[in-house]
Amino acid sequence: MNWMAKNRPGAAGAATGAAPIKPGPAVSIGPSANLRISNGLKEFLWLISDVPHGRILDLGPVWQSTVSFFVEKGYRVSTEDLLRVWKDFLTDEEEGFRAAPVGADTQRVSPAVLADKFLETALQYPERSFHGVLAWDLLDYFDPEVAPRLMERLSLLLHPGGAMLALFHSRPTERFHRYRVVDSQTLELIAAPTLAVHSHVFQNREILGLFGEFRSSKTFVGRDQVREGLFLK
Amino acid sequence: MWSKTPEVKPSSQSYNQPASAPLVSPSAPARESAATPAGGATSKISSGLKINGEFSGNSDLYIDGEVLGKIRLGNARVTVGPNGKVQADIEAREIFVDGTVQGNLKAGERAHFGATSRVTGSVLTPRIGIDDGARLRGKVETVRTSPARESAAPANEQDSEVLQPVAASVKVE
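Keep in mind that this is a model prediction, so the values were computed, not measured.

1. Notes on the environment of Gly162 of chain A
Residues and elements named next belong to chain A. Structurally, the position occupied by Gly162 is in strand 5 (residues 158-168). The exposure class of Gly162 is buried, given its relative accessible area of 3%. Put simply, Gly162 and Gly54 are 108 residues apart on the chain and 9.5 Å apart in space, counted from C-alpha to C-alpha. Excluding residues that lie within four positions of it along the chain, Gly162 makes contacts with His131, Phe231, Leu232 and Lys233.

Shown next as structure tokens:
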């Protein structure tokens, strides 16, 4: 997939054979829904539209609307609520630490070592399994020492030419939200019990460093100052 | 917990939609129809029971206890109740989960995950329903396959592509 060579959605470039972005299935949204227009999602869909039956990895919780949206477009969806898995992992680690007998080697390990241990059980897919990864804003919630290791693994899982959508807050968030796809350019933010505290506000250069193995990137900044980053491997 | 939405009627017709029907069911099936299916007996593994083995046949199965092994009820319904804990691959016409399942699921007609469900494994089904709160760690793949063809050729081409999300095959250099 060549990002620069692709025609814009809706432009005259339909001759390239790229599948047009179709509207997703109807999703019933209440009047109080917290919706967000997402240019990043729109661009993400455009980037993966070259792969008719591509595989998507959703790193948030499983939602009917998100699964329906992608499945009805012919994609195969894998979900792994990475932040919840990480929290469960930390809880287990903490319990193991507390339960260790006196005199045992109970030194707390660094976040980086924890990350390596975490990745022995998380994100266990063959390399190049996915054509698209939806990371949402989860990197903001991981320790800055952990995030690069996650990105290293995610980069391995992504097919060359694949795309990743990641959101970054410009200031510490007060509320914890989950995201689900409403249609091809709309996300719904769902307030949820806090799974993790906001860990780090990534500067743009840090983000570029995280995605150093990707060949190009594009960022959309919303009115709420949330940066939607789109990264092409 | 197993919520209905107004547009879905709890009739058996909803299980027999034509091939042109949407691949993904937008909402849950009727809860009562899952617990007491029309026609045929339902075997029940109650809470407190723990069974290790292989299940096969045509009787619907309700699991509220613990099951380890393999479940192949190609023309029946398997329901994992809220207390159910299953470590097994499940192959059935319909699969409803409210409890915990670790294994790959293959439904001939539909699969549904309730709000309290915890599923780890791949899901292969023509239609899927997911309630808010469900936890799924694995892959969802839909297939347009009729139940008859499904039972006649269980190892179709798409099966070979099913990822094993818990397989430890990732190499980190």
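Having seen it, we continue.
2. Focus: the pairing of strand 11 (residues 135-142) of chain B
When you tally the buried positions in strand 11 of chain B, you get six out of eight residues, the bulk of the element. As judged from the three bridges shared by strand 3 (residues 76-79) of chain A and strand 11 of chain B, these two strands associate in the antiparallel manner. In the sheet register, Ser78 of chain A faces strand 11 of chain B, and the bridge partner there is Lys139 of chain B. Where strand 8 (residues 118-120) of chain B lies against strand 11 of chain B, three bridges are found, and the strand directions are parallel. Directly across from Val119 of chain B, in strand 11 of chain B, lies its bridge partner Leu136 of chain B. In the sheet, strand 9 (residues 123-125) of chain B pairs with strand 11 of chain B via three bridges, with the strands oriented parallel. Considered in strand 11 of chain B, the bridge of Leu124 of chain B is made with Glu141 of chain B.

3. Some points on the sheet that holds strand 7 (residues 186-191) of chain A
Residue and element names in this part refer to chain A. Taken together, the three strands give an open sheet; going across it, the order is 1-7-6, and neighbouring strands pair in antiparallel fashion. Each end of this open sheet is capped by a strand with a single partner; those strands are strand 1 (34-37) and strand 6 (177-183). Recorded for the sheet is a direction-independent mean angle of 35 degrees between the axes of neighbouring strands. Relative to strand 7, strand 1 runs antiparallel, the two being bridged by four bridges. Residue Ile37 lies in a different strand from strand 7, and its bridge partner there is Thr186.

4. Quick notes on the packing of aromatic side chains
Residues and elements named next belong to chain A. Inspection of the entire model under this criterion finds 14 aromatic pairs over all chains. With a centroid separation of 5.0 Å and 80 degrees between ring planes, the pair formed by Tyr125 and Phe130 is classed as edge-to-face. The class for Phe130 is buried, based on a relative accessible area of 0%. Judged by centre distance (5.2 Å) and plane angle (70 degrees), the ring pair of Phe211 and Phe214 falls under edge-to-face. The pair Phe211 / Phe214 is uniform in exposure class, with both members buried. Following the ring pairs from residue to residue traces out a cluster consisting of Phe168, Phe202, Phe211, Phe214 and Phe231.

5. What about helix 3 (residues 82-99) of chain A?
The terminal C-alpha atoms of helix 3 of chain A, which comprises 18 residues, lie 25 Å apart, in line with the 26 Å expected from a rise of 1.5 Å per residue. Here the buried face of helix 3 of chain A lies against helix 4 (111-118), helix 5 (147-157) and strand 6 of chain A together with strand 11 of chain B.

About the cut-offs
Residues numbered from 1 in each chain as written. Chains lettered and ligands numbered in written order. Predicted model: local features only at pLDDT ≥ 70, side-chain atom pairs only at ≥ 80, totals over all residues. Heavy atoms only, no water. Helix = DSSP H or I, 4+ residues; strand = E, 2+ residues; numbered from the N terminus. Buried < 20%, exposed > 50% of the residue type's maximum accessible area, 1.4 Å probe, protein only. Contact = heavy atoms within 4.5 Å. Pairing = 2+ DSSP bridges. Axes fitted to C-alpha atoms, helices over the stretch in contact; angles between N-to-C directions. Phe/Tyr/Trp six-rings, centres within 6.5 Å; stacked < 30°, edge-to-face > 60°. Expected span 1.5 Å × (residues − 1).

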